[in-house]
Amino acid sequence: MPLDSERLKRCFTSTFPAASDREIEMARIDDMPGWDSLRGVTLLAVLDEEFGLQLDLEELLALGTFDAIREHLEQHSVSK
């Protein structure tokens, strides 16, 4: 089931308010400005609230990119 990427972008935007849409779509943990452990935990909380996503920080880090998170959400048919 295709995921509404705009919902996912809103999650990232609320966590990284200074990032442009392009930066969000290209987001990678290793080069996203401001992506630290606190922001990772914040993003997890926002994703859980929006999609009911149950990941821990290690799993989020393993996914590592906006696209990988989107694909994970699609594969697990997560939608609140």
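See the structure above.
Predicted model only: the values in this text are computed from it and were never measured.

(A) View of the packing of helix α1 (residues 5–15) against helix α3 (residues 37–51). It is the contact of α1 with α3, at a shortest axis distance of 9 Å, that shows an interaxial angle of 145 degrees. In this structure, α1 crosses over α3, and the sense of that crossing is right-handed. Between α1, through Arg7, Leu8, Arg10, Cys11, Phe12, Ser14 and Thr15, and α3, the contact on the second element is made entirely by Arg39, Thr42, Leu43, Val46, Leu47, Glu50 and Phe51. Across the contact of α1 with α3, the residue classes tally to 7 nonpolar, 3 polar and 4 charged.

(B) Main features of the pattern of salt bridges. Scanning all chains against the criterion turns up 6 salt bridges. Here Glu50 makes a salt bridge to Arg7, at a shortest N to O gap of 2.6 Å. Residue Glu50 is located in helix α3, and its partner Arg7 is located in helix α1; the two are separated by 43 residues in the primary sequence. Judged by its relative accessible area of 27%, Glu50 is partly exposed. Arg7 gets classed as buried once you look at its relative accessible area, which sits at 15%. Two residues, Glu25 and Lys9, come together in a salt bridge whose shortest N-O distance is 2.4 Å. Note that Glu25 is positioned in helix α2 (residues 21–25) and Lys9 in helix α1, a separation of 16 residues in sequence. With a relative accessible area of 29%, Glu25 lands in the partly exposed category. For Lys9, a relative accessible area of 11% translates into the label buried. A single salt-bridge network, built from bridges that share partners, covers Glu6, Lys9 and Glu25.

Definitions and cut-offs
- Residues numbered from 1 in each chain as written.
- Predicted model: local features only at pLDDT ≥ 70, side-chain atom pairs only at ≥ 80, totals over all residues.
- Heavy atoms only, no water.
- Axes fitted to C-alpha atoms, helices over the stretch in contact; angles between N-to-C directions.
- Helix = DSSP H or I, 4+ residues; strand = E, 2+ residues; numbered from the N terminus.
- Left-handed = near helix turned anticlockwise from the far one by under 90°.
- Contact = heavy atoms within 4.5 Å.
- Nonpolar A, V, L, I, M, F, W, Y, C, P; charged D, E, K, R; others polar.
- Salt bridge = Lys/Arg side-chain N within 4 Å of Asp/Glu carboxyl O.
- Buried < 20%, exposed > 50% of the residue type's maximum accessible area, 1.4 Å probe, protein only.

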